[in-house]
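# Examining the three-dimensional arrangement
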There are 2 protein chains.
Amino acid sequence: MVIRNPDKTRTALINAAFEEINQNGFQAASLNNILNETDVTKGALYHHFPSKLDLGYAVVDELISEAMNESWVVPLENSNNIIDSLLSLIDRSIKCRDDESICLGCPLNNLAQEMSPIDEGFRERINAIFDRWRSAIADGLSKGQTDGIVKETISADASAYFIVAAIEGATSLAKNAKSVDVLKTSLQGLKEHIQTLRN
Amino acid sequence: MVIRNPDKTRTALINAAFEEINQNGFQAASLNNILNETDVTKGALYHHFPSKLDLGYAVVDELISEAMNESWVVPLENSNNIIDSLLSLIDRSIKCRDDESICLGCPLNNLAQEMSPIDEGFRERINAIFDRWRSAIADGLSKGQTDGIVKETISADASAYFIVAAIEGATSLAKNAKSVDVLKTSLQGLKEHIQTLRN
DNA sequence: ATACATACATACTGGTCGGTATGTATAACA
DNA sequence: TGTTATACATACCGACCAGTATGTATGTAT
């Protein structure tokens, strides 16, 4: 490499690490594979990241976290009708899936399952992302209740937990079945449930 | 080892492998750790199992699969009221959890997340188990419909997918949050949903 | 032009991994 | 009692791993 571009190098490493981790998990992710994919050398990698763990943390903090914000948190915070927004966001999360990408499941959930019992740093980061997601839903439901859109009888907090759980579970089932149809079918029940939250 | 007991040796290996895999995942599971736990030697292990992969398959086929049958499939098949049975089985799955075991999540889901994109042998085995579970629920709901216990308007198949997804998702969230309360709260929504399936 | 920090590059290390080669003790069977 | 398959035990192998030591080229500030 003759022309230097440290930011680009760093981003390339994070992106490649995301792919490798998403395919093989964090522990089985090979730094050498990441280096081969990016044409970055080991010296450069360890210049930007003190360890494999820190590279993994950066993937969560700078890539997965941002993706969650863009696709869920921000749209939910800007929504005026939480029910409609949830339904359309769920639809969008189905539509942007093909039979290939479905096999990799939800990157956040993958990492959560693998790393949360093993490494507290991962667990806290991942948990914070889930929390922001769930809070955005819970806040939306609460606001919907004061606006008269959402039933007063339900618990916004419990409903939010349940919705997040159902989405993650559906993605997980679909991943294992290698089938977008399984995702659709599993989320159909969720969509009907969300309809029942209307006032 | 002076007195031989090949069956016991084999079972000990499978049990220890289950623990190790459940803690660290399959790929990161160390055969040496399993051998240390069991006081079995590597020669004995490779006498009983041709490879690490086959040991993993045996854990799924002979341990996880059986546990799923005992705790879900058989009770559901013997049930006369699917709604009541589901609710009590869900309650039982909450009660048998403490803050320690919650951190390891659902062994089946853990393996599914890690191995289904990587190894087709694991994927098929795991998928078959999920299928039996889901089918038992779907069959129960269908039977409930003919018995007049369950609403005619719902799709038994879609509901079964949704229920399994919600349970797995809730377990997954609770694992990441290290909290039985998260499991309870997430499943509360599911229980309310199941109540609405009553005729 | 000089000095210095940043951004790489290369070669290597110790350790762990799954797997194997080979040998030996035990049990079953003739 | 002799034979043979089973059930282990030990020592070792090559491959791969994350990480490091060391060196060099590049950009930047003075």
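Keep in mind the model is a prediction, meaning the values are calculated, not measured.

### Here we look at the interface of chain B and chain A
- Each partner contributes to the interface: chain B provides 38 residues, whereas chain A provides 38 residues.
- Counting each side, the surface lost to burial between chain B and chain A is near 3300 Å², with a carbon and sulfur contribution of 58%.
- The three residues of chain B that bury the most area against chain A are B:Gln113, B:Phe162 and B:Asn176, which together make up 22% of that side's buried surface.
- Our count for the contact surface shared by chain B and chain A stands at 2 salt bridges.
- For B:Lys178, the salt bridge identified is with A:Glu120, shortest N-O distance 3.1 Å.
- Inspection of the chain B/chain A interface yields 14 residue pairs in polar contact (both at pLDDT 80 or more).
- In terms of residue count, the dominant contributor to the side of chain B that touches chain A is helix H8 (residues 156-177) of chain B (13 residues).
- Across the side of chain B that touches chain A, the residue classes break down as 19 nonpolar, 15 polar and 4 charged.

### A few points about helix H8 (residues 156-177) of chain A
Residues and elements named next belong to chain A.
- Helix length check: H8 (22 residues) gives 31 Å between terminal C-alpha atoms against 32 Å at 1.5 Å per residue, within 8%.
- The buried fraction of H8 is high, at 21 of 22 residues.
- Backbone geometry just downstream of H8 places Lys-178 in the positive-phi region, at approximately 55 degrees.

### Quick word on the protein's contact with DNA strand C
- Around DNA strand C, the structure places 20 residues, and the nearest of them are A:Arg4, B:Arg4, B:Ala29, B:Tyr46 and B:Lys52.
- Residue B:Ser30 places a side-chain N or O atom 3.1 Å away from a phosphate oxygen belonging to DNA strand C.
- Here B:Tyr46 contributes a side-chain N or O atom positioned 2.6 Å from a phosphate oxygen of DNA strand C.
- Elements represented by at least two residues in the surface near DNA strand C include exactly helix H1 (6-24) and helix H3 (42-48) of chain A together with helix H2 (31-38) and helix H3 (42-48) of chain B.

### A few points about the protein's contact with DNA strand D
- For DNA strand D, the set of nearby residues contains 20 residues, the closest of which are A:Arg4, A:Ala29, A:Tyr46, A:Lys52 and B:Arg4.
- Sugar and phosphate atoms represent 60% of those atoms of DNA strand D found within 4 Å of the protein.
- At 2.7 Å, a side-chain N or O of A:Arg4 approaches a base nitrogen of DNA strand D.
- Within the backbone of A:Ala29, one N or O atom sits 2.8 Å away from a phosphate oxygen of DNA strand D.
- Elements with a contribution of two residues or more to the surface near DNA strand D: helix H2 (31-38) and H3 of chain A together with helix H1 (6-24) and H3 of chain B.

### Things to note about the relation of the copies chain B and chain A
- If you rotate chain B by 180 degrees and push it 0.0 Å along the axis, it lands on chain A with an RMSD of 0.0 Å. With respect to symmetry, the two chain copies, as superposed, fit the operation of a two-fold axis.
- Both copies contact each other with a shared surface, as 100% of the interface residues of chain B are interface residues in chain A too.

### Comments concerning empty space enclosed by the protein
- As enumerated under the stated definition, the model contains 4 cavities of 30 Å³ or more in all.
- Considered as a void within the structure, the largest cavity measures approximately 270 Å³ in volume.
- Every residue lining the largest cavity is counted, 27 residues in all, and those nearest its centre are A:Gly25, A:Asn110, A:Glu114, B:Gln113 and B:Glu114.
- Going through the elements one at a time, H1, helix H4 (52-77) and helix H6 (107-115) of chain A together with H1 and helix H6 (107-115) of chain B are the ones with two or more residues in the lining of the largest cavity.
- In terms of residue class, the lining of the largest cavity is made up of 10 nonpolar, 13 polar and 4 charged.
- As a volume, the second largest cavity reaches approximately 60 Å³.
- Taken together, B:Phe18, B:Ile21, B:Asn22, B:Gly25, B:Val59, B:Ile64, B:Pro107, B:Asn110, B:Leu111 and B:Glu114 form the lining of the second largest cavity.
- Put simply, the parts of the chain that give the lining of the second largest cavity at least two residues each are H1, helix H4 (52-77) and H6 of chain B.
- Residue contributions to the lining of the second largest cavity peak at 4 residues, all from H6(B).

### As for a negative patch on the surface
- On the surface, a cluster of negative charge is made up of A:Asp98, A:Asp99, A:Glu100 and A:Asp181.
- Relative to the helices and strands, A:Glu100 resides in the loop between helix H5 (82-95) and H6.

### Re the pattern of salt bridges
- The full count for this structure, using the stated rule, is 18 salt bridges over all chains.
- For the salt bridge of B:Asp147 with B:Lys143, the shortest nitrogen-to-oxygen distance reads 3.6 Å. One end of the pair, B:Asp147, and the other, B:Lys143, are both in helix H7 (residues 120-147), 4 residues apart, so they sit about a helical turn from each other.
- Residue B:Asp147 is classed as partly exposed on the basis of its relative accessible area of 45%.
- Through salt bridges with shared partners, a single network forms among A:Glu120, A:Arg123 and B:Lys178.

### Details of the state of the cysteines
All names here are of chain B.
- Applying the stated rule across the entire model yields 0 disulfides over all chains.
- A disulfide-free cysteine, Cys-96 has its sulfur positioned 11 Å from the sulfur of Cys-106, the nearest such atom.
- With no disulfide partner, Cys-103 has as its closest neighbouring cysteine sulfur the one in Cys-96, 14 Å distant.
- A residue is classified by how much of its surface remains accessible, and Cys-103, at 17% relative accessible area, is buried.

### Considering the packing of aromatic side chains
All names here are of chain B.
- In total, this model carries 9 aromatic pairs over all chains according to the counting rule given.
- Between Phe-26 and Phe-122, the aromatic rings sit 4.9 Å apart at their centres with planes inclined by 65 degrees, giving edge-to-face as the arrangement. Here Phe-26, found in the loop between H1 and H2, pairs with Phe-122, found in helix H7; they are 96 residues apart in sequence, far enough to count as distant.
- Residue Phe-122 is classed as buried on the basis of its relative accessible area of 0%.
- A cation over an aromatic ring shows up here: Lys-52 above the ring of Phe-26, its NZ or CZ 4.8 Å from the ring centre.

Reading the values: rules and limits
Residues numbered from 1 in each chain as written. Chains lettered and ligands numbered in written order. Predicted model: local features only at pLDDT ≥ 70, side-chain atom pairs only at ≥ 80, totals over all residues. Heavy atoms only, no water. Contact = heavy atoms within 4.5 Å. Buried area = accessible area lost by both parts, 1.4 Å probe. Salt bridge = Lys/Arg side-chain N within 4 Å of Asp/Glu carboxyl O. Polar contact = N/O pair within 3.5 Å; in protein donor to acceptor, adjacent residues only side chain to side chain. Helix = DSSP H or I, 4+ residues; strand = E, 2+ residues; numbered from the N terminus. Nonpolar A, V, L, I, M, F, W, Y, C, P; charged D, E, K, R; others polar. Expected span 1.5 Å × (residues − 1). Buried < 20%, exposed > 50% of the residue type's maximum accessible area, 1.4 Å probe, protein only. Near = heavy atom within 4 Å. Least-squares fit on C-alpha atoms with pLDDT ≥ 70 in both. 1 Å grid on protein atoms, 1.4 Å probe; cavity = no way out; pocket = protein on both sides within 12 Å on 5 of 7 lines; lining within 4 Å. Points joined across faces, edges and corners; volume = space filled by probe spheres on them. Patch = residues over 30% accessible without salt bridge, like charges linked within 9 Å, V, L, I, M, F, W, Y side chains within 5 Å. Areas by Shrake-Rupley, 256 points an atom, 1.4 Å probe, with all protein chains shown as cover. Lys, Arg positive; Asp, Glu negative; His and termini not counted. Charge placed at Lys NZ, Arg CZ, Asp CG, Glu CD. Disulfide = S-S within 2.5 Å. Phe/Tyr/Trp six-rings, centres within 6.5 Å; stacked < 30°, edge-to-face > 60°. Lys NZ or Arg CZ within 6 Å of the ring centre and 35° of its normal.

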